Amino acid sequence: NVKQFFSTGCTELDIMLSNRKNGGIPTGRIIEFLGLEGSGKSMVSAHVIANAQKRGAYTVLFDTEFAVNQEFFSAIGVDFDKLILVHPRSVEETFENLEKIVEIVRTKKDIAEKGVVIVIDSMSALPANADLEAGYELEGFRTQKPRLLSMNIPKVLRLIAEENISLIITNQYRMKMNPMPNEDKYTTSGGMATRYYASLRVAFSIIGKITVGENHAVGVKIKAKSTKSRFGGSQQTCEFDVYFDRGIDNNTSLLKTLKKIEIVEVNGAWYSYTDV
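Keep in mind that this is a model prediction, so the values were computed, not measured.

Glancing now at unusual backbone geometry. A cis amide bond, omega 5 degrees, links Asp121 with the succeeding residue Ser122. Tracing the sequence through the fold places Ser122 in the loop between strand S6 (116–121) and helix H6 (129–133). Backbone geometry places Asn22, a non-glycine residue, at a positive phi of 55 degrees. Positive phi outside glycine occurs at Phe66, with the angle close to 50 degrees. With respect to the helices and strands, the residue Phe66 is situated in the loop between strand S4 (58–63) and helix H3 (70–76).

Structure (structure tokens):
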């Protein structure tokens, strides 16, 4: 059973992922965020970290791309004094550190009760040790990474399922070499292990810009699609606004949710409560 959920910072997305109010990202499960570069995977992960910290949870970020923007993360609400930031060298080192974290959680009852959020951002940027040690001209050595994930993801799933730990893995789409006609042209790195063992897989994509005036972009509109869900129905979608200076605009998302459940009525630019 899931002990608790941590909000993504977007009411519509929380409901879509968990099929409940006050939902979001479940503990004890693996969650995979997918998308092209700049589609919002890291940003949503940062919102989960910020909201988990507000509830007293312990947070860990494996920054494999060395790309954390502290100013933007702080604007979202991430407290870096309460965040364990790790820069792993390889897939093997990441799994070793994950095991160490689980061992600490097992020995610290207060940590387990408050919950733990671990984010690996991103899996696509993690090399295997064989990749690091091989010469630049060699081919074929990258097959080691899918093997490592196939061996270790099931083990990691059992470790976090026994504790109150959410594991979010971001993964970037890449083009398939020779897709068949009518076949999806995108896939993710690392083989099939993560997608098989994840309880939630969410694909993010940018569908528009938020502009001030004619040309000044201040944010983007993002579409989230649950490609796999063991809580709500899969293939559900929701859309939300993201601003470059503060992240997700949950006020708009909340109003849209209240409108859907007919608590708020919209008439032009006017919003009014309905009798419940």
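Here the narrative resumes.
Each pocket or cavity is described by its volume, and for the largest pocket that value is around 460 Å³. Those elements that provide at least two residues to the lining of the largest pocket are helix H2 (41–54), S4, H3, strand S7 (165–175) and strand S10 (216–229). Of all the elements, H2 adds the most residues to the lining of the largest pocket, at three residues. Partitioned by chemical class, the residues of the lining of the largest pocket number ten nonpolar, eight polar and five charged.

Glancing now at the nonpolar core. One finds Leu13, Met43, Phe204 and Phe240 to be the most contacted residues of the largest nonpolar core, which totals 38 residues. Per element, the largest residue contribution to this core is seven residues, and it comes from H2. Leaving out residues up to four positions away in the same chain, Met43 has contacts with Phe72, Ile76, Ile222, Phe240, Val242 and Ile248. If you look at the next biggest cluster of nonpolar residues, it comprises 30 residues, including Phe95, Leu159, Ile165 and Ala198.

We now examine the pairing of S10. Both strand S9 (residues 200–212) and S10 contribute to a ladder of twelve bridges, which runs antiparallel. Along S10, the bridge assignment pairs Ile206 with Ile222. The turn linking S9 back onto S10 is made up of three residues, and Gly213 within it adopts a positive phi angle of 75 degrees. Note: S10 against strand S11 (residues 237–243), seven bridges, orientation antiparallel. Note on S11: the bridge partner recorded for Ala224 is Cys238.

Burial analysis of helix H1 (residues 11–18) places seven of its eight residues in the buried class, which makes it a mostly covered element. Those residues of H1 lying buried are Thr11, Glu12, Leu13, Asp14, Met16, Leu17 and Ser18. Positioned one or two residues after H1, Asn19 has a phi angle of 60 degrees, which is positive.

Here the focus is the pattern of salt bridges. The full count for this structure, using the stated rule, is seven salt bridges. Note that Lys155 and Glu99 form a salt bridge whose closest N and O atoms lie 2.9 Å from each other. Taken together, the residues Lys155 in helix H7 (residues 144–161) and Glu99 in helix H4 (residues 91–107) connect sequence positions 56 residues apart. For Lys155, a relative accessible area of 41% translates into the label partly exposed. Taking the shortest distance from any N to any O, the salt bridge between Glu163 and Arg106 comes out at 3.4 Å. Here Arg106 lies in helix H4 and Glu163 lies in the loop between H7 and S7, a separation of 57 residues in the sequence. On the accessibility criterion, Glu163 (14% relative accessible area) is buried. By relative accessible area, Arg106 is classed as partly exposed at 36%.

Attention now goes to the state of the cysteines. Summed over all chains, the structure comprises zero disulfides. Free cysteine Cys10: the closest other cysteine sulfur is in Cys238, separated by 5.2 Å. Overall, the relative accessible area of 0% leaves Cys10 in the buried class. Relative accessible area serves as the criterion here: at 5%, Cys238 is assigned to the buried category.

Below, the discussion takes up the pairing of S6. Of all six residues making up S6, six are buried, and the element is well covered by its neighbours. Here S6 shows a buried face lined by Val116, Ile118 and Ile120 and a second buried face lined by Val117, Val119 and Asp121. Pairing analysis gives six bridges linking S4 to S6, with the strands arranged parallel. Across the sheet, residue Thr59 finds its bridge partner in S6, namely Val117. Summarising the sheet, S6 and S7 pair through five bridges and their orientation is parallel. Among the inter-strand pairings, Val116 is bridged to a residue of S7, identified as Ile165.

Basis of the calculations
- Residues numbered from 1 in each chain as written.
- Predicted model: local features only at pLDDT ≥ 70, side-chain atom pairs only at ≥ 80, totals over all residues.
- Heavy atoms only, no water.
- Helix = DSSP H or I, 4+ residues; strand = E, 2+ residues; numbered from the N terminus.
- 1 Å grid on protein atoms, 1.4 Å probe; cavity = no way out; pocket = protein on both sides within 12 Å on 5 of 7 lines; lining within 4 Å.
- Points joined across faces, edges and corners; volume = space filled by probe spheres on them.
- Nonpolar A, V, L, I, M, F, W, Y, C, P; charged D, E, K, R; others polar.
- Core = buried A, V, L, I, M, F, W, Y, C linked by side-chain atoms within 4.5 Å.
- Buried < 20%, exposed > 50% of the residue type's maximum accessible area, 1.4 Å probe, protein only.
- Contact = heavy atoms within 4.5 Å.
- Pairing = 2+ DSSP bridges.
- Salt bridge = Lys/Arg side-chain N within 4 Å of Asp/Glu carboxyl O.
- Disulfide = S-S within 2.5 Å.

Remember that the coordinates give geometry; whether it matters functionally is a separate question.
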